Amino acid sequence: VGVIDHLQGGQVQSMFLLALAASATTSAPPPTQNTTATARWLAANLAWGVLSTTSTRSDGTVNDAAFGNPYSYADVGGVPYLYVSELDVSVIDLQVSPKASLALSEASLKSTNGTATLSACEIGAGLGDPENPPCARFVLSGTMSKVPAGSEEETVAKQALFARHPSFANFPDDHSFYVAKMTVTGLWLIDFYGGAAIIAPADYFSASATFGAPPRGRTIPLLAAKNVRVRSSPPPFWQKAKTARWMVSTLEWGGLSTTSTRTKGTTVGAPFGNPYSFADVNGVPYVYASDLDASMTDLFIGAGANTTATLALSEAGLPGIPIPKCEIGTALGDPENPPCARLVLTATMSKVSAGSDEETAAKEALFARHPSFASFPPGHGFYVAKLDVTGIWLIDMYGGAAIIKPSDYFAAEMVAPSPAGVAIARV
């Protein structure tokens, strides 16, 4: 049950003021393996994640697939709230099945020069990578509902949302925006080696969202430009297939959504999002995975495993300095701003044959984009898994989503990096 359900009058206002104070002054992250504090800290300090729903649609995806969608959010006392429109596909899905998950990654936290705020997440910094276990991944599962209009809860939630996402105040009145809330029923966290922690909601809500001085090695200074690669400029927004190809070739991580076969921190049959690193070969996405991972269990080995998945990408996750249309606080900038492109690839996943030419090419691409993969422990049974793309959904401008044919996507010419591109500093 959400925290606000237990509060009355001044207690609600007090919680809102505490939430604003926490969001205004980002505290240092808790030490690794302090799981409840880390979970609350992540919810309080991140701004966007991937909302996974069960698809009720066949345009650009398939019915009953776990459909991930990058979404902005804010929390009040650990309860996640979203500002949504009835026109959005995820909301359409929720009207049929309210079960959802919200997947968050510490990799979304960036310094002013575009490097990761935390060394564990910075690609090229030792073992740094969004898939590195100390780069925390947090998945909240639960049931979504509409907050009653005019209620005190709506007032508090809107204040928190608009404080964390100022551009929300400029959203159009005729798009039927409202506040939606997740009633949290399951919590799954990886913030260190050794597997996921399953956190009881009661423990999560009783933990503090703030912490003291950073432990050694958790934060990094602004990094000097070394090992620089160039990010090409994106295609014009009307070139949808090229935009999709550009995002897949340029981004480094996204949200992999599967249909859960598990009961720990989630429920069987519910959509489950999980931040995942990837690389592509000629537009085909590949991941480097282990059957020890929850998502691979859902896809390949759990009871009732379903190989259909989606990979959700956001321009807000681009490596390097954030672009204005995605940067919170710059005019309409926000991960939920339509020109901040969101791409969802629906695919059938399979394991690539060991020793094949395809595995060699995919591993070369994965290890080039994610050098730390070469140091992953051999005893964990890592392998290459492939996404055979069957549907493509893209929002990169106002006016709704574009549905792209896979044949058009694969036929699109890539944009080569140029001196006009953006330099991405690596350490």
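Right, let's walk through the structure included here.

Rules of the game
Residues numbered from 1 in each chain as written. Predicted model: local features only at pLDDT ≥ 70, side-chain atom pairs only at ≥ 80, totals over all residues. Heavy atoms only, no water. Phe/Tyr/Trp six-rings, centres within 6.5 Å; stacked < 30°, edge-to-face > 60°. Helix = DSSP H or I, 4+ residues; strand = E, 2+ residues; numbered from the N terminus. Buried < 20%, exposed > 50% of the residue type's maximum accessible area, 1.4 Å probe, protein only. Salt bridge = Lys/Arg side-chain N within 4 Å of Asp/Glu carboxyl O.

## A look at the packing of aromatic side chains
Argument step 1. Throughout the structure, instances matching the rule amount to 23 aromatic pairs.
Argument step 2. Centre to centre, the rings of F67 and W393 are 5.5 Å apart; their planes meet at 90°, and the pair counts as edge-to-face. Here W393 lies in strand β16 (residues 383–395) and F67 lies in strand β2 (residues 66–72), a separation of 326 residues in the sequence.
Argument step 3. Here F67 falls in the buried class, since its relative accessible area comes to 0%.
Argument step 4. W393 sits in the buried class, given a relative accessible area of 2%.
Argument step 5. Geometrically, the ring pair formed by Y83 and F162 is edge-to-face, given 5.3 Å between the ring centres and 75° between the ring planes. Of the two residues, Y83 sits in strand β4 (residues 79–85) while F162 sits in helix α4 (residues 152–164), which places them 79 residues apart along the sequence.
Argument step 6. Owing to a relative accessible area of 24%, F162 belongs among the partly exposed residues under this scheme.

## Examining the pattern of salt bridges
Argument step 1. Scanning all chains against the criterion turns up eleven salt bridges.
Argument step 2. A salt bridge links R164 to D75; its shortest N-O distance comes to 2.7 Å. Residue R164 is found in helix α4, and its partner D75 is found in strand β3 (residues 74–76); the two are separated by 89 residues along the sequence.
Argument step 3. By relative accessible area, which is 12% here, R164 ends up buried.
Argument step 4. Using a relative accessible area of 5% as the deciding quantity, one classes D75 as buried.
Argument step 5. Linking E86 and K146 is a salt bridge whose minimum nitrogen-to-oxygen distance equals 3.7 Å. With E86 in the loop between β4 and α3 (89–96) and K146 in strand β6 (residues 137–146), the pair connects residues that are 60 residues apart, well separated along the chain.

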